Amino acid sequence: MATQHYDVIIIGTGAGGGTLAHKLAPSGKRVLLLERGGYLPREPENWDSHEVFINDRYLSGELWYDQDGQAFKPHQQYFVGGNTKFYGAILFRLRERDFGEVRHYGGLSPAWPISYRDLEPYYAEAEKLYLVHGQAGEDPAEPPRSGPFPYPAVSHEPRIQQLSDDFEKAGHRPFHLPVGVDLNESDPEAGRCVRCDRFDGFPCLADGKADAHVRCVRPALKHGNVTLLTHAMVDRLVTDASGRSVTEVVVDRRGVRESYSADVVVVSCGAVNSAALLLKSASDQHPGGLANASGLVGRNYMAHINSGVIAVSQTPNPTKFQKTLGINDYYWDADDSELPLGHIQMLGKSDRYILRGGAPWYAPGLALEYLAKHAIDFWITTEDLPHPANRVTVDRAGRIHLAKTYHNLEPHQRLLAKLKALMGRLGCHDTAIPAWSILDKRIPLAGAAHQSGTVRFGTDPKTSALNIDCRAHDVDNLYVVDTSFFPSSSAVNPALTAMANALRVGDHLLERLGAHATATTNTASDGQRQEVPS
């Protein structure tokens, strides 16, 4: 078929791609969104923990391979909105010091080529777009803000308020997590969120979670100049004879080869898949992979050192919406450590099936039921450091290989010990019980949680693949706008930074295209399902 031409092609509809589409939609420029998955079905199973966590109903089912060649199933979902359909919507800004060089137990975290100040107005814009609720001034590690959060903090339920009080009595400074949710506690009819326990790790049946599909892709498609193709897997990017411009985006759409072109091509597939696509697009002009003259594409893969900790409350924990409390007292140091340890936050409330996923097969159902009723669920995060041997590669068959060794484990172990030592003062059991019933489980390689860093940006083409506008040094019309561009990972959730950066790059693209985001355009009659027939 003949190649169809657009002003901009965006590959991927998650935190980066979906946000960028929203930014460009009012410009009148022809924008094509390519999503390898479809719309996530709205069905009762969305909120069925057995289906989501035991049966893996929404996982891709694909296989990746570790550094020893062993196959594993990555925790990847491919739907409109990307992984934001399942994320916990905790939307932190990186700390101001995270943009500079930081010394850790495992080595140095490199500085960014831009400052926090450069990104701050886009953080504010992203917080408004994604309905971020929070309370400025509570978080002891919070960076400077140009204004308050756009929406008030989500209140703690009684058991979590007690937990917050207990943290405070123990000398800590607990704060309300910044959460992206369509919730108005003063007027329940004004928001979509029903404040349930099916938020973290689940797709939202009520559209109450501020995900990229609901907040960005859906409104973008109301503009007649924006088109979405689902089930459109991009196989490779083809350049002209000079190698300086992408001239063809080759797509497999339900087994049919299709071809598209654009003045600007934006890759936003996630840190693993974006690197894999560039590597699969090797050519005579780019023998090591597209945009890879530096040899860095796929290298420096980072995924936060994350652990889930299930504490057992001495009293039942009837909390529904549990993800409201955070602790950053150990973010930069501790009384016995001059170096950073990391961040503590609440997880969504667990049930017996969520616990079953982390317990041994012989754990009795009644014990899991008891634990679920008494569980208080924590998530702890320590910064992962970039290392060139931690990398994404693609074999001749196009299969993804992911090599990963963590180099900053000591602070994570220290942070876990800090939390465990507090259990008694937080009203949780601190006596010996079966090891599997107090879970402190590291997220494995397959989790791919908070992945970043595989196509880093910078000012020197020898030490980075992208310039500070996230354009490839080697290819004039190619951009990468997801967490791939991160030079370092910090120790807070990366989604808001991906969103803010997409808005920043969006401003650059509007200028490049000679467009304005406020231009008047026609709108599609059906903003949720505008597609070109296959």
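Placed above this text is the structure.
Cut-off values and rules
Residues numbered from 1 in each chain as written. Predicted model: local features only at pLDDT ≥ 70, side-chain atom pairs only at ≥ 80, totals over all residues. Heavy atoms only, no water. Buried < 20%, exposed > 50% of the residue type's maximum accessible area, 1.4 Å probe, protein only. Helix = DSSP H or I, 4+ residues; strand = E, 2+ residues; numbered from the N terminus. Pairing = 2+ DSSP bridges. Phe/Tyr/Trp six-rings, centres within 6.5 Å; stacked < 30°, edge-to-face > 60°. Lys NZ or Arg CZ within 6 Å of the ring centre and 35° of its normal. Core = buried A, V, L, I, M, F, W, Y, C linked by side-chain atoms within 4.5 Å. Contact = heavy atoms within 4.5 Å. 1 Å grid on protein atoms, 1.4 Å probe; cavity = no way out; pocket = protein on both sides within 12 Å on 5 of 7 lines; lining within 4 Å. Points joined across faces, edges and corners; volume = space filled by probe spheres on them. Nonpolar A, V, L, I, M, F, W, Y, C, P; charged D, E, K, R; others polar. Axes fitted to C-alpha atoms, helices over the stretch in contact; angles between N-to-C directions. Parallel < 35°, antiparallel > 145°, perpendicular 65-115°, else oblique. Left-handed = near helix turned anticlockwise from the far one by under 90°. Lys, Arg positive; Asp, Glu negative; His and termini not counted. Salt bridge = Lys/Arg side-chain N within 4 Å of Asp/Glu carboxyl O. Polar contact = N/O pair within 3.5 Å; in protein donor to acceptor, adjacent residues only side chain to side chain.

Asker: So what exactly am I meant to see when it comes to the pairing of strand β17 (residues 343-346) here?
Answerer: A regular strand carries its side chains on alternate faces of the sheet. Every second residue of β17 is oriented toward a common face, with His 343 and Gln 345 on one face and Ile 344 and Met 346 on the other, all of them buried. Bridging between strand β16 (residues 325-327) and β17 involves 2 bridges; their strand directions are antiparallel. Bridged to Gly 326 within β17 is Gln 345.

Asker: I'm lost on the packing of aromatic side chains in this one. Help?
Answerer: The geometry of an aromatic ring pair is captured by two quantities: the separation of the ring centres and the angle between the planes. Applying the stated criterion to the full structure yields 17 aromatic pairs. When the ring of Phe 53 is compared with that of Phe 202, the centres are 5.2 Å apart and the planes differ by 75 degrees; the resulting orientation is edge-to-face. Of this pair, Phe 53 sits in helix α2 (residues 49-54) while Phe 202 sits in the loop between β9 (179-180) and α5 (212-220); the two residues are 149 residues apart in sequence, bridging distant segments of the chain. Taking the relative accessible area as the measure of exposure, Phe 202 reaches 1% and is therefore buried. Note on Phe 99 and Tyr 116: the rings are 6.0 Å apart at their centroids and 65 degrees apart in plane angle, and the pair reads as edge-to-face. Separated by 17 residues along the polypeptide, Phe 99 in the loop between β4 (71-72) and β5 (102-104) and Tyr 116 in helix α3 (residues 116-129) bring together distant segments of the chain. Of the residues examined, Phe 99 reaches a relative accessible area of 6% and is grouped as buried. Ring-pair connections join several aromatic residues into one group, and the members of that group are Phe 99, Trp 112, Tyr 116, Tyr 123, Phe 457, Phe 485 and Phe 486. Positioned above the aromatic ring of Tyr 331 is the side chain of Arg 95, whose terminal nitrogen or guanidinium carbon lies 5.8 Å from the ring centre.

Asker: What should I look at first to understand the nonpolar core in this one?
Answerer: One broad trend across soluble globular proteins is that nonpolar side chains are buried collectively. Within the largest apolar cluster, 118 residues are counted, with the highest numbers of intra-cluster contacts made by Ile 11, Leu 34, Tyr 130, Leu 237 and Leu 478. A per-element tally of this core places helix α10 (residues 495-512) first, with 10 residues. Those residues in contact with Leu 34 that sit more than four places away from it in its chain are Ile 9, Ile 10, Ile 11, Gly 12, Leu 229, Ala 232, Val 234, Val 249 and Val 251. One finds Ile 160, Ala 334, Ile 344 and Ile 380 within the second-largest nonpolar core, a separate group that totals 22 residues.

Asker: What am I meant to see in the environment of Thr 463 here?
Answerer: Locating Thr 463 in the fold gives a position in the loop between β22 (451-452) and β23 (478-480). A C-alpha to C-alpha distance of 8.7 Å links Thr 463 and Gly 295, two positions 168 residues apart in sequence. Look past the residues within four positions of Thr 463 in its chain and what remains in contact with it is Leu 296 and Arg 456.

Asker: Sorry if this is basic, but what is going on with the environment of Ser 146 here?
Answerer: Positionally, Ser 146 belongs in the loop between β7 (132-133) and α4 (158-169). For Ser 146, a relative accessible area of 59% puts it in the exposed group. Distance in space between the C-alpha atoms of Ser 146 and Ala 502 is 19 Å, their sequence separation being 356 residues. Apart from the residues within four sequence positions on either side, Ser 146 is in contact with Glu 120 and Ala 124.

Asker: Looking at this structure, I do not really get empty space enclosed by the protein. What am I missing?
Answerer: Unoccupied space between atoms shows up once a probe the size of one water molecule is rolled over them. Inspection of the entire model under this criterion finds 5 cavities of 30 Å³ or more. As for the largest cavity, its lining consists of 15 residues, and the residues nearest its centre are Phe 92, Asp 139, Glu 142, Phe 149 and Pro 178. Class assignment for the residues of the lining of the largest cavity results in 6 nonpolar, 2 polar and 7 charged. Taken together, the residues of the lining of the second largest cavity break down into 8 nonpolar, 1 polar and 3 charged.

Asker: In this structure, what is going on with the packing of helix α1 (residues 17-24) against α5? I would like to understand it.
Answerer: The relative placement of two packed helices is expressed as an angle between their axes plus a distance between the axes. For the pair α1 and α5, the least separation of the axes is 8 Å and the interaxial angle reads 45 degrees. Here α5 runs oblique to α1, going by the angle between their axes. For α1 against α5, the interelement crossing comes out left-handed. Contact with α1, carried on its side by Gly 18, Thr 19, Ala 21 and His 22, involves Arg 215, Cys 216, Val 217, Pro 219 and Ala 220 of α5 and no other residues of that element. Classifying every residue of the contact of α1 with α5 by side-chain character gives 5 nonpolar, 3 polar and 1 charged.

Asker: Which parts of the structure should I look at to understand the side chain of Asp 474?
Answerer: Relative to the assigned elements, Asp 474 resides in the loop between β22 and β23. The buried charged residue Asp 474 lacks any salt bridge, with Arg 244 as its nearest oppositely charged partner at 5.3 Å. Contacts of Asp 474, omitting those with residues within four sequence positions, involve Gly 243, Arg 244, His 286, Ala 291, Asn 292 and Ala 293.

Asker: I tried to follow the packing of α3 against α10 on my own but got confused; where do I start?
Answerer: It is at 8 Å that the axes of α3 and α10 come closest, and there the two elements cross at 110 degrees. When the axis of α3 is compared with that of α10, the two are roughly perpendicular. When the axes of α3 and α10 are compared, the crossing they make is right-handed. Contacts between α3 and α10 involve Leu 119, Tyr 122, Tyr 123, Glu 125, Ala 126 and Glu 127 from the first element and Leu 496, Thr 497, Met 499, Ala 500, Asn 501, Leu 503, Arg 504 and Asp 507 from the second. Considered class by class, the residues forming the contact of α3 with α10 number 8 nonpolar, 2 polar and 4 charged.

Asker: I would appreciate a short explanation of the side chain of Asn 493 in the present structure.
Answerer: One can find Asn 493 in the loop between β23 and α10. A polar atom in the side chain of Asn 493 sits 3.1 Å from the side chain of Gln 345. Apart from the residues within four sequence positions on either side, Asn 493 is in contact with Ile 90, Phe 92, His 304, Gln 345 and His 450.

Asker: Hey, could you run me through the pattern of salt bridges in this one?
Answerer: Pairs may arise between side chains of opposite charge once their charged atoms sit close together. Tallied over the full model, the rule gives 26 salt bridges. Glu 43 is the salt-bridge partner of Arg 57, the closest N and O atoms lying 2.9 Å from each other. Of the two residues, Arg 57 is situated in the loop between α2 and β3 (64-65) and Glu 43 in the loop between β2 (31-34) and α2; the sequence distance between them amounts to 14 residues. Take Arg 57: its relative accessible area is 36%, and that puts it in the partly exposed class. The class of Glu 43 is buried, set by a relative accessible area of 17%. Taking the shortest distance from any N to any O, the salt bridge between Asp 351 and Arg 198 comes out at 3.0 Å. Remark: Arg 198 occurs in the loop between β9 and α5 and Asp 351 occurs in the loop between β17 and α7 (352-356); sequence separation between them is 153 residues. Both residues of the pair, Asp 351 and Arg 198, belong to the buried class. By sharing partners, the salt bridges in this structure join Arg 93, Glu 120, Glu 127, Glu 142 and Arg 145 into a single network.

Asker: Would you explain unusual backbone geometry in this entry?
Answerer: Trans peptide bonds make up most of the peptide bonds, and negative phi angles are found at most residues other than glycine. Residues other than glycine seldom take positive phi values, yet His 231 does so here, at roughly 55 degrees. The residue His 231 is located in the loop between β10 (226-229) and β11 (232-239) in this model. Phi at Arg 254 takes a positive value of approximately 55 degrees, unusual for a residue other than glycine. Structurally, the position occupied by Arg 254 is in the loop between β12 (246-253) and β13 (256-267).

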